[in-house]
Amino acid sequence: MSKDPNSGLILPAERPTSLVTRRNALIGGAGLLLAGCDQINASPTVKSVLSLGEQATHGAQRLVTDRNALAREFSRADMSPVFRENGNRNPGTPEYAALAANKFADWTLVVDGMVAQPLRISLAQMMAAPRRTQITRHDCVEGWSAIGEWSGVPLGLILRRAGMSGNAKYVVFHCADSTNGAPYYESIDMIDAFHPQTILATHMNGELLTVGHGAPLRLRVERQLGYKQAKYVMRVEAVASLEGIHGGGGGYWEDHRGYQWFAGI
Ligand SMILES: Nc1nc2c(c(=O)[nH]1)N[C@H]1C(S)=C(S)[C@@H](COP(=O)(O)O)O[C@H]1N2
Ligand SMILES: [Mo]
């Protein structure tokens, strides 16, 4: 891995030529990224958030400012020697076992819902895409915390590439695991979806994600609590409403344990 001093993005040091082409197909180069930013600024959701900050009460303005702030980042020296595995540690389905047996070479992430261009992204494409690395603290409501390093592709980049509709309000993460027949899923709003520290992580502490920590892909949404950090993400869906998705609460814990949908820290 090498650090590009200009962009701050960590790029894989060695990238097979075939993947460069795929990377361009996925991300579309810097020009498209800039075009994507314009599109996002033009979206009704972002506009209404911005005007809220401009006109509304102090309270609303503070809320907007706080939501966009970065979570604290730590140094390597701060990293926890042990980062425990929590919740489901293996989806345990035949489908997942088959994907894992092949080192996820046949895995694809589906990006769909309110997007102009639904995507299927392979793990190789994920590895070749621009990435961000961050050392952050994970806080679980069960009363433990751990500091770890996460590396992955900014979610906003993928949503822009898919041409997400300006009318989408939430991004839903569908996972490979279930508990007592209830599939794990989570959701976030557009402020968190486009937050610079919100990434779909392929790596933890410099290594590929282990099965226990959510291989091959998990969400890191650093301004929220542990249960929002969906592991085993298979599908990212842009929606206008959470109604009708599983229990309608926006997540597994929200539906089954009454946890707050917005778990801000
Ligand atoms: N798919 C899935 N994601 C999940 C869970 C889970 O059971 N299944 N548990 C959540 C909880 S409560 C926590 S604290 C973290 C634990 O992440 P870790 O196993 O990497 O420590 O994952 C979250 N994401
Ligand atoms: Mo948790």
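What you see is a predicted model, and the numbers here were worked out from it, not measured in a lab.

Residues in close proximity to ligand 1 total 21 residues, the closest being Arg-84, Asn-86, Asp-177, His-213 and Lys-231. In the environment of ligand 1, an oxygen atom lies 2.8 Å from a nitrogen or oxygen atom belonging to the backbone of Asn-88. Here Lys-231 contributes a side-chain N or O atom positioned 2.6 Å from an oxygen atom of ligand 1. Burial of ligand 1 by the surrounding chains reaches 99%, relative to a free accessible area of 530 Å². Listed by contribution, the elements that provide at least two residues to the shell around ligand 1 are β5 (132-140) and β7 (170-179).

Time to look at the confidence of the model for the protein. As a general rule, the predicted coordinates of low-pLDDT regions are not to be interpreted in detail. Confidence in the prediction for the protein averages 84 pLDDT; 75% of positions are at 70 or higher. A low-confidence stretch, residues 46-57 stays under pLDDT 50, and its non-local contacts, those more than four residues away or across chains, total 10 contacts.

As a further point, take the packing of aromatic side chains. Aromatic ring pairs are described here by two measures, namely the spacing of the ring centres and the angle between the planes. One pass over the structure, following the stated rule, counts nine aromatic pairs. Seen from their ring centres, Tyr-170 and Trp-261 are 5.6 Å apart, and the 85 degrees between their planes marks the pair as edge-to-face. Linking Tyr-170 in strand β7 with Trp-261 in the segment after α9 (252-257), this pair joins segments that are 91 residues apart in sequence. A relative accessible area of 22% means that Tyr-170 is categorised as partly exposed. For the ring pair Trp-253 and Tyr-259, a centre distance of 5.1 Å and an interplane angle of 15 degrees mean the geometry is stacked. Given the relative accessible area of 14%, Trp-253 is considered buried.

Taken across its six residues, strand β9 (residues 199-204) has six buried, putting it largely inside the fold. Pairing geometry for strand β6 (residues 144-154) and β9, over five bridges, is antiparallel. Within β9, the position partnered with Pro-154 by the bridge is Ile-199. The pairing of β9 with strand β11 (residues 218-220) spans three bridges and is classified as antiparallel. Looking at β11, one finds that Ile-199 is bridged to Arg-220. Sheet topology places β9 next to strand β10 (residues 207-208); two bridges connect them, and they run antiparallel.

Rules of the game
- Residues numbered from 1 in each chain as written.
- Chains lettered and ligands numbered in written order.
- Predicted model: local features only at pLDDT ≥ 70, side-chain atom pairs only at ≥ 80, totals over all residues.
- Heavy atoms only, no water.
- Near = heavy atom within 4 Å.
- Polar contact = N/O pair within 3.5 Å; in protein donor to acceptor, adjacent residues only side chain to side chain.
- Areas by Shrake-Rupley, 256 points an atom, 1.4 Å probe, with all protein chains shown as cover.
- Helix = DSSP H or I, 4+ residues; strand = E, 2+ residues; numbered from the N terminus.
- pLDDT = per-residue confidence, 0-100.
- Contact = heavy atoms within 4.5 Å.
- Phe/Tyr/Trp six-rings, centres within 6.5 Å; stacked < 30°, edge-to-face > 60°.
- Buried < 20%, exposed > 50% of the residue type's maximum accessible area, 1.4 Å probe, protein only.
- Pairing = 2+ DSSP bridges.

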